[in-house]
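Structural overview
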Amino acid sequence: ALTVTLLDHVVDGKVMAADVVELDGKAVETLAGSSALIQIDDGVYVGDALVIITDIEASNGVIHVIDSVLLLQ
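Calculation rules
Residues numbered from 1 in each chain as written. Predicted model: local features only at pLDDT ≥ 70, side-chain atom pairs only at ≥ 80, totals over all residues. Heavy atoms only, no water. Helix = DSSP H or I, 4+ residues; strand = E, 2+ residues; numbered from the N terminus. Rg over C-alpha atoms; globule rule 2.2 N^0.38 Å. Contact = heavy atoms within 4.5 Å. Areas by Shrake-Rupley, 256 points an atom, 1.4 Å probe, with all protein chains shown as cover. Buried < 20%, exposed > 50% of the residue type's maximum accessible area, 1.4 Å probe, protein only. Pairing = 2+ DSSP bridges. Axes fitted to C-alpha atoms, helices over the stretch in contact; angles between N-to-C directions.

With that settled, consider the overall build of the chain. Looking only at helices and strands, the chain features two helices and five strands. The N-to-C order of helical and strand elements in the chain reads α-α-β-β-β-β-β. On C-alpha atoms alone, the chain measures out to a radius of gyration of 11 Å, which is about the 11 Å that the 2.2 N^0.38 rule sets for 73 residues. For the chain, the spread of C-alpha atoms along the three principal axes comes to 30 × 30 × 20 Å. Sequence-distant contacts in the chain: of pairs separated by 6 or more residues, those separated by 24 or more amount to 32%. For the chain, the accessible area works out to roughly 5,100 Å², and carbon and sulfur atoms hold 55% of it.

If a residue is not glycine, its phi is most likely negative; likewise, a peptide bond is most likely trans. Non-glycine residue Asp42 carries a positive phi angle of around 55°. Residue placement: Asp42 occurs in the loop between strand E2 (35–40) and strand E3 (44–46). Asp42 gets classed as exposed once you look at its relative accessible area, which sits at 79%.

Turning next to the sheet that holds E3. Strand order in the open sheet formed by five strands is E1-E2-E3-E4-E5, and the pairing between neighbours is antiparallel. If you trace the sheet from one side to the other, it starts and ends with strand E1 (27–29) and strand E5 (61–66), each paired once. Going across the sheet, the axis of each strand differs from the next one's by a mean of 40°, ignoring polarity. As defined by bridge partners, E3 adjoins strand E4 (residues 49–58) across two bridges and the pair is classed as antiparallel. By the bridge assignment for E4, Val46 is matched with Ala49.

The subject of this paragraph is the pairing of E2. The pairing of E1 with E2 spans three bridges and is antiparallel. Opposite Ala27, over in E2, you have Leu37 as the bridge partner. In textbook terms, the turn of a hairpin is the stretch between consecutive antiparallel strands, and for E1 and E2 this stretch comprises five residues, one of which, Gly33, has a positive phi near 90°. Relative to E3, E2 is paired through three bridges, and the arrangement is antiparallel. Its bridge partner lying in E3, Ile40 is registered against Val44.

Structure below.
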């Protein structure tokens, strides 16, 4: 269960904050195979989680900090 929860926080590819406009209202597939809806409405939401920090570049990808744990189905 922990592996699935962790993989629900990861998508394939490099998605920067500037790319989110194209994703508004669309679902993205996580590495666990779940769907997470991206919405722009007084902030950017992934599922029910608010994105609070964006575009932290790491050696293995890009990190966007959210305010809660995603529990996707």
